[in-house]
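# Remarks on the overall topology
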Amino acid sequence: MAITVLKAGPENASQAVEPASPVARFGPDEPLAMDAGVALAPWQIAYQTEGRLNAGRTNAVLVCHALTGDQHVTQRHPVTGKPGWWETLVGPGKPVDTDRFFVICANVVGSCMGTTGPASINPATGRPYGLDFPLVTIRDMVRGQAMLLDRLGIPDLFLCIGGSMGGMQVLQWAASYPERVFAAMPIATGARHSAQNIAFHEVGRQAVMADPEWHAGRYLDVGSRPAKGLAVARMGAHITYLSEPALHRKFGRRFQDRDAPTFSFDADFQIESYLRHQGISFVERFDANAYLYLTRAMDYFDLAADHGGVLANAFRDTRTRFCVMSFTSDWLFPTSDSRAIVHALNAAAAPVAFVEVESDKGHDAFLLDEPAMFAAARGFIQAAARERGL
């Protein structure tokens, strides 16, 4: 009965209950301890794997996805039909070589592609959780991933890698489970969210909650969705993922299918049409409440605050090898954020390499074809693999 309610909504809502990927289910006696003080049970985590785990179980790579990503890092997306979101970096012969490594990518707690989140069914009510779902933190996501690795029989990771919110998870993994992470590669990220980033997220959340179809988070109960509000939130966020040079190169001030302005509020400019398309396509694959929860999780992230206000304390006595990477045109997570991580790692006497990639593609550069990023990633991973004996 509960599944029928969800299927009345968009396809991504059914993925919350019946994901097109393997699922690890944890019963009432296997709760996920959450920072909000809630023991979440029962719960589940959806994931995908690629490659083979070797006999010694020493070649596992955990890929951590960004805010609106999912477990389909190399697999075709079940809703959009698009290729995996990081096929530029992960795959046969790629820097994260699936002919050599066993790659795991899990949908994070609080999301909407099969891991328990606000679109999932609350066993106490038989209805979607909505805002009854507890607030999520990056540390909660990592705890869930650790439980998944335990279930898969993987004692530790050769490599933990991710960008943006995925990079936050990499840092949390290194801080929470240093003995389980041989090498870590946080990309285009920071050890805390800036006030500006929190502000952008709040504008997006308010856009969702101002939509009359949000119904105080209960839109799935009435077969509705706050499509307009979520689309606006995505449009605003998408601007922060790009750079002005990239926008100018791709769109400039060119008109969309016309030679002159219409003197209306139609999408006269190509950039307007592009943003509207981004908003509409996002609504088809993502849950609005999940967007609220995951942006909040990023806002709460502050690794230094969790360790007495000193970031270096998060990495004290670590043996993990790090490669921190930033992009020159990323103003969402600027290079200064990565340098702060590197300085903390140096203070903790951790082995660390730092790469600033020259790129005009903005924050999204980590998802795109960036040869300098691929070369740096390949070099770091190959060196770490030799040290690991792989």
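A brief look at the structure comes next. In this text the structure is predicted, and so the values were computed from the model without any measurement. (Residues numbered from 1 in each chain as written. Predicted model: local features only at pLDDT ≥ 70, side-chain atom pairs only at ≥ 80, totals over all residues. Heavy atoms only, no water.)

Here we come to the side chain of Asn107. You can see Asn107 is positioned in the loop between strand E8 (102-106) and strand E9 (121-122). Note on Asn107: relative accessible area 0%, which makes it buried. Engagement of the side chain of Asn107 in a polar contact is seen with the side chain of Ser111, the distance being 3.3 Å. When residues no more than four places from it in sequence are discounted, the contact partners of Asn107 are Ile45, Ala46, His65, Gly69, Asp70, Gln71, Cys112, Met113, Gly114 and Thr115. (Helix = DSSP H or I, 4+ residues; strand = E, 2+ residues; numbered from the N terminus. Buried < 20%, exposed > 50% of the residue type's maximum accessible area, 1.4 Å probe, protein only. Polar contact = N/O pair within 3.5 Å; in protein donor to acceptor, adjacent residues only side chain to side chain. Contact = heavy atoms within 4.5 Å.)

With that out of the way, let us pick up a nonpolar patch on the surface. On the surface, a nonpolar cluster with roughly 260 Å² of combined accessible area is contributed by Phe200, Ile239 and Trp331. By secondary structure assignment, the location of Trp331 is in the loop between strand E13 (321-327) and helix H10 (335-347). By relative accessible area, Trp331 is classed as partly exposed at 34%. (Patch = residues over 30% accessible without salt bridge, like charges linked within 9 Å, V, L, I, M, F, W, Y side chains within 5 Å. Areas by Shrake-Rupley, 256 points an atom, 1.4 Å probe, with all protein chains shown as cover. Salt bridge = Lys/Arg side-chain N within 4 Å of Asp/Glu carboxyl O.)

Right, let's talk about the environment of Ala365 for a bit. Topologically, Ala365 is positioned in the loop between strand E14 (352-357) and helix H11 (371-388). Between the alpha carbons of Ala365 and Ala188 there is a distance of 8.7 Å; along the sequence they are 177 residues apart. Other than its neighbours up to four places away in sequence, Ala365 contacts Phe327, Ser359, Glu370 and Met373.

Our next topic: the pairing of strand E5 (residues 60-64). Burial analysis of E5 places five of its five residues in the buried class, which makes it a mostly covered element. Every second residue of E5 is oriented toward a common face, with Ala60, Leu62 and Cys64 on one face and Val61 and Val63 on the other, all of them buried.

Its twelve residues place the ends of helix H4 (residues 165-176) 16 Å apart at the C-alpha level, agreeing with the 16 Å of an ideal helix rising 1.5 Å per residue. For H4, the buried fraction is high: eleven of the twelve residues fall into the buried class. Every buried residue of H4 is accounted for by Met165, Gly166, Gly167, Met168, Gln169, Val170, Leu171, Gln172, Trp173, Ala174 and Ala175. (Expected span 1.5 Å × (residues − 1).)

It is worth spelling out helix H8 (residues 270-285) at this point. The end-to-end C-alpha distance of H8 is 23 Å, a good match for the 22 Å that 16 residues give at a rise of 1.5 Å each. When we look at burial in H8, the residues that qualify are Tyr274, Leu275, Gln278, Gly279, Phe282, Val283 and Arg285.

Moving on, we come to the packing of helix H3 (residues 138-152) against H4. When two helices pack together, their arrangement is given by the angle between their axes and by how far apart the axes lie. One can describe the packing of H3 onto H4 by two numbers: an axis separation of 9 Å at closest approach and a directional angle of 70°. On the basis of the axis angle, H3 is roughly perpendicular to H4. Remark: the crossing between H3 and H4 carries right-handed chirality. Along the contact surface, H3 presents Ile138, Arg139, Met141, Val142, Gln145, Ala146 and Leu149, while H4 presents Met165, Met168, Gln169, Gln172, Trp173 and Ser176. (Axes fitted to C-alpha atoms, helices over the stretch in contact; angles between N-to-C directions. Parallel < 35°, antiparallel > 145°, perpendicular 65-115°, else oblique. Left-handed = near helix turned anticlockwise from the far one by under 90°.)

Let us now look at the pairing of E8. Most of E8 sits inside the fold, with five of its five residues counted as buried. Neither face of E8 is left uncovered, since the one carrying Phe102, Ile104 and Ala106 and the one carrying Val103 and Cys105 both have all their residues buried. Pairing analysis gives four bridges linking strand E4 (residues 43-50) to E8, with the strands arranged antiparallel. Residue pairing across strands places Tyr47 opposite Ala106, the latter belonging to E8. Sheet topology note: the E5/E8 ladder contains four bridges and is parallel. Directly across from Val61, in E8, lies its bridge partner Val103. (Pairing = 2+ DSSP bridges.)

Under the defined criterion, the tally for this structure stands at 13 aromatic pairs. Both rings, one in Phe282 and one in Phe286, keep their centres 5.1 Å apart while their planes meet at 20°; by these two values the pair is stacked. You'll find Phe282 and Phe286 in the same group, each marked buried. With a centroid separation of 5.8 Å and 75° between ring planes, the pair formed by Phe282 and Tyr291 is classed as edge-to-face. In this structure, Phe282 and Tyr291 share a single accessibility class: buried. An aromatic cluster of three or more residues is present, and its members are Trp85, Trp86 and Phe366. Across from the ring centre of Phe26, 4.2 Å away, lies the NZ or CZ of Arg151, which sits over that ring. A cation sits over an aromatic face here: Arg234 above Phe282, 4.7 Å from the ring centre. (Phe/Tyr/Trp six-rings, centres within 6.5 Å; stacked < 30°, edge-to-face > 60°. Lys NZ or Arg CZ within 6 Å of the ring centre and 35° of its normal.)

On the basis of which strands lie adjacent, the open sheet formed by eight strands has the order E1-E4-E8-E5-E11-E12-E13-E14 and mixed pairing. Of all strands in the sheet, those with a lone pairing partner are strand E1 (23-26) and E14, marking the two edges. On average, adjacent strands in this sheet sit at an angle of 20° to one another, irrespective of strand direction. Relative to E13, strand E12 (residues 181-187) runs parallel, the two sharing three bridges. Looking at E13, one finds that Ile187 is bridged to Met325.

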